[in-house]
Amino acid sequence: MTGTTTSLDRGYSQLPVPYGWFAVAMSNEIGNGEVKTMRYFDTEFVVWRGGDGQLRAVDPFCPHMGAHLGINSDVTGNDLRCGYHHWRFNGEGGVTKIPYSDTITASMKRNCLKTWPIEEVEGVAYVWYHPNKTAPKWDVARMPECPGGDWVLAGSYEWTVNINCSEIPENGQDYAHFGAVHGVPGPPATDFKVDGWVRRNTVVAEMKTPKGLMEGKIDATATGPGQSITEFVDVTHVVMNQQVTPITSEQTHLRWQMYHIPGLSDGKVRVTQARIRDLVKQVNQDIPIWNNKKCETRPLLVKGDGPILAYRQQYAKYYDFEDDGPKVVAA
Ligand code: FES
Ligand SMILES: [Fe+2]
């Protein structure tokens, strides 16, 4: 359910797209030898998977005569072959072959097509977006270590939401809505900490579980604007791997992969599935609000609203395109 969408100017179109690592596909959505045009960050880029299984990403237009590299192109070996005159490019953006000419200058061989850093982590393909093409400032975040083996993927979910990407992680700092929207007891005693590019929330509280109220722990680690990994430990043990990716400053692609610990009994699997269903229900409760709310740069906050301003203060660095990153403070 996405709810109706208002046509009023909601103020998001004026916001810039933040920089960071963002999910652009699930790994299994791009097969070997496949080329995909990606539409995110209010722009386009082209991703392909070479014969060696590696993903590569480049700007969309061929530097030869401007063809779109996502149209009629294909993969030859590890290279992308433009559909217009069959020039070939490697993952560094260099020309590797021109079928009707032996002359490839040194600079054309090096890089004549701009590339995007791309990485696959835990089944998700991430690109580094920065409007100035600055190199990545941090690493893609990974899930916590799984006790007793490997995390078991219980389900993958995705939604397209008509809202700026900053608002989805902000929802986790909006404590007053937990009771009103999700009907969960709150606001819980939580600890919000900023550490460089990372934001952490630790909550130890009474949780509503399928077996009633019990003490549980929620540990959320958000790295940059695009990734949040949340570990729920209560009657069960679940990890939610969340990615938010700006399609434009007004529209966001939200992805979740839900994992649980291995070796659960059938009964525990049912409890875990109920827990996951409840989390999915919660996001479906948020979405109609997200699809219609406006950008409120000066919220009327009162005690009990949660660390919304602290969140925004940290988030502002992802709009500071000239900044070198958080300053290291000497001990
Ligand atoms: S436009 Fe791409 S090879 Fe000519
Ligand atoms: Fe919510």
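Along each chain, residues carry numbers from 1 onward, in the same order as the chain's sequence is written. Starting at A for chains and at 1 for ligands, labels are handed out in the order in which the entities are written. At least 70 in pLDDT is required for a residue's local features to be given in this predicted model, at least 80 for side-chain atom pairs to be given and counted, and no such filter applies to totals for whole chains, interfaces and linings, which use all residues.

1. Notes on the domain arrangement of the protein
Rule in force here: Each domain's extent is set by a domain assignment, obtained either automatically or from a database. The contact criterion used here is simple: two residues whose C-beta atoms, placed from the backbone, lie within 7 Å are in contact. Strands are runs of DSSP state E lasting at least 2 residues, helices are runs of H or I lasting at least 4, and numbering of each runs from the N terminus.
Examined at the domain level, the protein breaks down into domain 1 (20-129) and domain 2 (152-319). For domain 1 versus domain 2, the distance between C-alpha centres works out to 34 Å. In this assembly, 13 residues from domain 1 lie in contact with 15 residues from domain 2. Every element with two or more residues in the side of domain 1 that touches domain 2 is listed here: β1 (20-26) and β2 (35-40). Among the elements that take part in the side of domain 1 that touches domain 2, β1 stands out by supplying 6 residues, more than any other.

2. Some thoughts on the nonpolar core
Threshold: For this analysis, nonpolar core means a set of buried Ala, Val, Leu, Ile, Met, Phe, Trp, Tyr and Cys residues linked through C-beta atoms within 7 Å. Here exposure depends only on C-beta density: within 10 Å of a residue's C-beta, 20 or more other C-beta atoms make it buried, 12 or fewer make it exposed, and intermediate numbers make it partly exposed, the C-beta atoms being placed from the backbone.
Judged by nonpolar contacts, the single largest core of 49 residues is most densely connected at V24, V47, A57, Y126 and V127. For this core, the leading source of residues is strand β10 (residues 124-129), giving 6 residues. Formed jointly, this core draws a minimum of three residues from each of two domains, domain 1 (20-129) and domain 2 (152-319). If sequence neighbours within four positions are ignored, V127 has contacts with F22, V24, A57, W116, P117 and I118. Of all hydrophobic cores here, the second largest spans 9 residues; its members include Y12, V244, L254 and W290.

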